[in-house]
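# Remarks on the overall topology
So you can see what is in the structure, the chains are spelled out below.
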Amino acid sequence: MRNTRPRRQQILQLLIEQGSVQVSDLVEQFGVSAVTIRTDLGQIESQGLATRTHGGATLVRVPPQEQDIHEKDVLNLSLKESIGARAAQLVQPGDNIIIDSGSTTMTLARHLHDQREVTVMTNGLNIAWELANAPGINVLLTGGVLRKQSLSLQGSQAESSLTTYSFDTLFLGVDGLDLQFGLTTHDEGEARLNHRMVERARRIVVLTDASKFGRVSLHRIVRLDQVHAIITDSGIDDATRDGLLQQGIEVIIAEPSS
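Remember, it's a predicted structure, so these values are computed and weren't measured experimentally.

## With respect to the side chain of arginine 147
Assignment of secondary structure puts arginine 147 in strand β7 (residues 145-147). For arginine 147, a relative accessible area of 14% corresponds to the buried category. Here glutamate 190 takes part through its side chain, which lies 3.3 Å from a polar atom of the side chain of arginine 147.

## Points about the packing of aromatic side chains
Here the structure, examined in full by the defined rule, presents one aromatic pair. Directly above the ring of phenylalanine 181 sits arginine 220, whose terminal nitrogen or CZ lies 4.1 Å from the centroid.

## Observations regarding the packing of helix α2 (residues 23-30) against helix α3 (residues 34-46)
Close contact between α2 and α3 brings their axes to 9 Å; oriented N to C, the two are set at 110°. Judged by the angle between their axes, α2 and α3 are roughly perpendicular. Pair α2 / α3 crosses with right-handed handedness. On the side of α2, the interface is formed by Val23, Leu26, Val27 and Phe30, while α3 contributes Ala34, Ile37, Arg38 and Leu41.

## Some thoughts on the environment of aspartate 168
Summarising the element assignment, aspartate 168 is placed in strand β9 (residues 167-173). Between the C-alpha atoms of aspartate 168 and glycine 94, which are 74 residues apart in sequence, the distance is 9.8 Å. If we ignore the near neighbours within four places in the chain, the residues touching aspartate 168 are Gly94, Asp95, Asn96, Arg202 and Arg203.

## Side note on the environment of serine 82
With respect to the helices and strands, serine 82 occurs in helix α5 (residues 77-88). Serine 82 sits 52 residues away from phenylalanine 30 along the chain, and the two C-alpha atoms are 47 Å apart.

## Quick notes on unusual backbone geometry
Located in the positive-phi region is glutamate 117, a residue other than glycine, with phi close to 55°. Relative to the helices and strands, glutamate 117 resides in the loop between α6 (103-110) and β5 (118-122). Given a relative accessible area of 64%, glutamate 117 falls into the exposed group. One non-glycine residue, leucine 151, lies in positive phi territory at about 55°. Mapped onto the secondary structure, leucine 151 falls in the loop between β7 and β8 (152-154).

## Examining the sheet that holds β5
Here seven strands make up an open sheet; going across it, the order is β6-β5-β4-β9-β12-β14-β15 and the pairing parallel. Edge positions in the open sheet fall to β6 (137-141) and β15 (250-253), since each of these has one partner strand only. Taking each pair of neighbouring strands and ignoring which way they run, the sheet shows an average axis angle of 25°. Sheet topology note: the β5/β6 ladder contains five bridges and is parallel. Directly across from threonine 119, in β6, lies its bridge partner asparagine 138. Against the sheet, helix α9 (residues 188-200) engages β4 (96-99), β9 and β12 (201-207), with an angle of about 130° to β12.

## Some words on the side chain of threonine 142
When you line up the elements, threonine 142 lands in the loop between β6 and β7. With a relative accessible area of 3%, threonine 142 lands in the buried category. Not counting residues up to four positions away in its chain, the partners in contact with threonine 142 are Met121, Thr122, Asn123, Leu153, Gln157, Ala158 and Ser161.

## Considering the nonpolar core
Formed by 29 residues in total, the largest nonpolar core has its most connected members in Leu170, Leu183, Ile230 and Leu244. Counting residues per element, the ones that place at least two in this core are β9, α9, β12, β13 (219-222) and β15. If one sorts the elements of this core by residue count, α9 sits on top with four residues. In terms of nonpolar packing, the next biggest core, distinct from the first, is built from 23 residues, Ile97, Val120, Ile127 and Phe171 among them.

## Regarding the pattern of salt bridges
Here the structure, examined in full by the defined rule, presents 10 salt bridges. Residue glutamate 81 pairs with arginine 110 through a salt bridge whose shortest N-O separation is 2.6 Å. Taken together, the positions of glutamate 81 in helix α5 and arginine 110 in helix α6 put the pair 29 residues apart, joining distant regions of the chain. Judged by its relative accessible area of 25%, glutamate 81 is partly exposed. Taking the relative accessible area as the measure of exposure, arginine 110 reaches 34% and is therefore partly exposed. The shortest N-O distance in the salt bridge between arginine 192 and glutamate 159 comes to 3.3 Å. Residue arginine 192 is found in helix α9, and its partner glutamate 159 is found in helix α8 (residues 156-160); the two are separated by 33 residues along the sequence.

Cut-offs and rules
Residues take numbers from 1 onward in each chain, read along the sequence in its written order. A pLDDT threshold of at least 70 governs which residues receive local features in this predicted model, and a stricter bar of 80 or more applies before side-chain atom pairs are shown or counted, although totals over entire chains, interfaces and linings include all residues. Side-chain calculation: all heavy atoms of the structure are included, whereas hydrogens and water are not. Working definition: helices are DSSP H or I runs of at least four residues, strands are E runs of at least two. Numbering for both runs from the N terminus. Working definition: with a 1.4 Å probe on protein chains only, accessible area under 20% of the residue-type maximum means buried, over 50% means exposed, and in between means partly exposed. Pairs of N or O atoms within 3.5 Å make up the polar contacts considered here, provided that, within protein, one atom can donate a hydrogen while the other can accept it, and that residues adjacent in sequence are counted only when both atoms are side-chain atoms. Only Phe, Tyr and Trp rings are paired, with Trp represented by its six-membered ring, and only when their centres lie within 6.5 Å; those with planes under 30 degrees apart are stacked, over 60 edge-to-face, the remainder tilted. For a ring to carry a charge above it, either NZ of a lysine or CZ of an arginine must fall within 6 Å of the ring centroid while also lying within 35 degrees of the normal to the ring plane. Note on method: axes are straight lines fitted to C-alpha atoms, helices fitted across the in-contact stretch only, with angles between N-to-C directions ranging 0 to 180 degrees. Working rule for angles: under 35 degrees goes down as roughly parallel, over 145 as roughly antiparallel, 65 to 115 as roughly perpendicular, anything else as oblique. Crossing chirality is assigned from the near helix's rotation relative to the far helix, an anticlockwise turn below a right angle marking it left-handed and a clockwise turn marking it right-handed. Two residues qualify as a contact provided that any one of their heavy atoms is within 4.5 Å of a heavy atom in the partner residue. The criterion for strand pairing is that DSSP finds at least two bridges linking the strands in question. To form a nonpolar core, buried Ala, Val, Leu, Ile, Met, Phe, Trp, Tyr and Cys residues must be joined to one another through side-chain atoms within 4.5 Å. Definition used for salt bridges: Asp or Glu carboxyl oxygen within 4 Å of a side-chain nitrogen of Lys or Arg.

Here it is as structure tokens:
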């Protein structure tokens, strides 16, 4: 199991570079059984990235490359600020919430400084720093191993830190949202931690600008049937909005500040 993730990432990279792969070639390259390789290809296919063929697989969709937190911070900034401001309106005095790491969720933190008697748990170092001087916010950090690219904490310590808590709302950032496959992120450790966050909160609110719709990153967090609301911008297309509403998910459009 320890080598599964890097092997699948390498197989996906081969698919991106070559357009197709053969089971026999992968068996020889990785020194594992044909059954293992077929399982790997089946996982990649389930993410909508490849189609299985006789003896192999072909590439269907290229997952977007991950950007570090500093690059993300400047992308669609005005949209993210509107989303963060709208999300802050859902927070009430006395609430216990989780704010996931990310550039969009960071904008939510900026709009919480005037809140009172709110407890925030986060795995984002930048989010904790943003709220450090907010007098009405009690900040809890998950602990764990620092992933420098996203300034997020993850790993077994981060996951176990959630087990004794119950939260009103999780505000979750994602790298991709697909109507069929669900919520995804680039990193396996972050996906596992996000999944645990979902388990510990009574309401799941996703914060994402419309550019993330239709994207599928490598690791699934959860399917959409566990999501209660999505806060996004007016760039959402009708098909995506209708698909979300049909699944019982509230779609909240954040209006830009005047």
